[in-house]
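Take a look at the letters that make up each chain.
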Amino acid sequence: MTRRDYRFLDDEEDRRQFIARMREVRESFIAMRSIVPEARWYEPRHEGWSLAAILGHLQWMDRLHLLQVQLAIWNLPFPFSVRTWERVTGWQQRLFRRRLTKSSADGIRAALPDQEEFILQLAVDDFSKRLTYAPTGQTLTVEQAVQEFLYFYWLDRLRALRIAEGLHPTPGDLSRQG
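Below is a summary of the structure that appears in this document.

The rules behind these values
- Residues numbered from 1 in each chain as written.
- Predicted model: local features only at pLDDT ≥ 70, side-chain atom pairs only at ≥ 80, totals over all residues.
- Heavy atoms only, no water.
- Pairing = 2+ DSSP bridges.
- Helix = DSSP H or I, 4+ residues; strand = E, 2+ residues; numbered from the N terminus.
- Contact = heavy atoms within 4.5 Å.
- Salt bridge = Lys/Arg side-chain N within 4 Å of Asp/Glu carboxyl O.
- Buried < 20%, exposed > 50% of the residue type's maximum accessible area, 1.4 Å probe, protein only.
- Phe/Tyr/Trp six-rings, centres within 6.5 Å; stacked < 30°, edge-to-face > 60°.
- Lys NZ or Arg CZ within 6 Å of the ring centre and 35° of its normal.
- Expected span 1.5 Å × (residues − 1).
- Arc of directions from axis to C-beta.

Further remarks concern the pairing of strand E2 (residues 138–141). By the bridge criterion, four bridges tie strand E1 (residues 130–133) to E2 in an arrangement that is antiparallel. Within E2, the residue paired with Leu-131 across the bridge is Leu-140. Taking the residues that link successive antiparallel strands as the turn, the E1-E2 hairpin has four residues, and the phi of Gly-137 there is positive, at about 75 degrees.

What follows is the structure, encoded as structure tokens:
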């Protein structure tokens, strides 16, 4: 796993800055619909993912990731295995291959207020609770997992998609934030 610049989310200002970064990477991802020609939205490219599939996958993974964080907060850390992770992502790659990108973009945007409220309401006392990140087997704190799942996971996929499209890895100043 790439070394991450996790930040402390101790106060409302820290959390609002994180939320702004989270929103920015989502909007940059959604903006790929205007960069990738519509005729190629459903064409598998990077590791077999189409733009439509990756948008649907990201929308769905936000739900799964937040559930995993909530379970850790409740002291019920669910250890997804690498095999389970691979099955879920493989299933999503097939299921979302032809998903309407507008539906995914609308769903991603609609979920933001609940995600933001979750972040703003997190108790600092819960930050040190731990969970396992399936793809790497790494143990993360809740504070790190929120950042890994809701920002870095998206940023990594945005970079990969931009490279697959022959573009600079990250737009604007996202590279300085991650």
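Following the structure, the description resumes.
Position of Ala-53 relative to the elements: it lies in helix H3 (residues 51–73). The spatial distance from the C-alpha of Ala-53 to the C-alpha of Tyr-42 is 7.5 Å, given a sequence separation of 11 residues. Those residues in contact with Ala-53 that sit more than four places away from it in its chain are Gln-93, Phe-96 and Arg-97.

Looking now at the pattern of salt bridges. For the structure shown, the criterion picks out 12 salt bridges. Between Glu-148 and Arg-4 there is a salt bridge; the shortest N-O distance is 3.0 Å. Of this pair, Glu-148 sits in helix H6 (residues 142–164) while Arg-4 sits in the segment before helix H1 (12–30), placing them 144 residues apart in sequence. Among the ionic pairs, Lys-102 bridges to Asp-106, the shortest N-O distance being 2.6 Å. With Lys-102 and Asp-106 both in helix H5 (residues 101–121) and four residues apart, this pair spans about one turn of that helix. With relative accessibility at 35%, the residue Asp-106 sits in the partly exposed group.

A few words on the packing of aromatic side chains. Under the criterion given, the structure shown has seven aromatic pairs. Measuring from ring centre to ring centre gives 5.7 Å for Tyr-6 and Phe-152, while their planes differ by 90 degrees; the resulting arrangement is edge-to-face. With Tyr-6 in the segment before H1 and Phe-152 in helix H6, this residue pair connects regions lying 146 residues apart in the sequence. Relative to Tyr-153, the ring of Trp-85 lies with its centre 6.0 Å away and its plane at 90 degrees, an arrangement referred to as edge-to-face. Note that Trp-85 is positioned in helix H4 (residues 82–95) and Tyr-153 in helix H6, a separation of 68 residues in sequence. When its relative accessible area of 11% is taken as the criterion, Trp-85 is described as buried. By way of ring pairs, the aromatic residues Tyr-6, Phe-18, Tyr-151 and Phe-152 are connected into one cluster. We note Arg-21 situated over the ring of Tyr-151; from NZ or CZ to the ring centre the distance is 4.2 Å.

Further remarks concern unusual backbone geometry. Phi is positive for Asn-75, close to 65 degrees, though the residue is something other than glycine. With respect to the secondary-structure elements, Asn-75 resides in the loop between H3 and H4. Residue Asn-75 is classed as exposed on the basis of its relative accessible area, which comes to 54%.

With 23 residues, H3 ought to run about 33 Å at 1.5 Å a step, and its terminal C-alpha atoms sit 33 Å apart, in line with that. Here H3 lies mainly inside the structure; 19 of its 23 residues are buried.

Along the chain, Ser-104 turns up in helix H5. Accessibility expressed as a relative area gives 0% for Ser-104, which makes it buried. Non-local contacts of Ser-104, meaning those with residues more than four positions away in its chain, are made with Ala-52, Leu-55, Gly-56, Gln-59 and Arg-99.

Before going further, it helps to examine H4. For H4, spanning 14 residues, the distance from its first C-alpha to its last is 20 Å, which sits close to the expected 20 Å at 1.5 Å a residue. Within H4, burial applies to Trp-85, Thr-89, Gly-90, Gln-92 and Gln-93. Mapping the buried residues of H4 onto a view down its axis gives an arc of 160 degrees, with all of them on the same face. Across H4 from its buried face, at more than 90 degrees, point the exposed residues Arg-83, Arg-87 and Arg-94.

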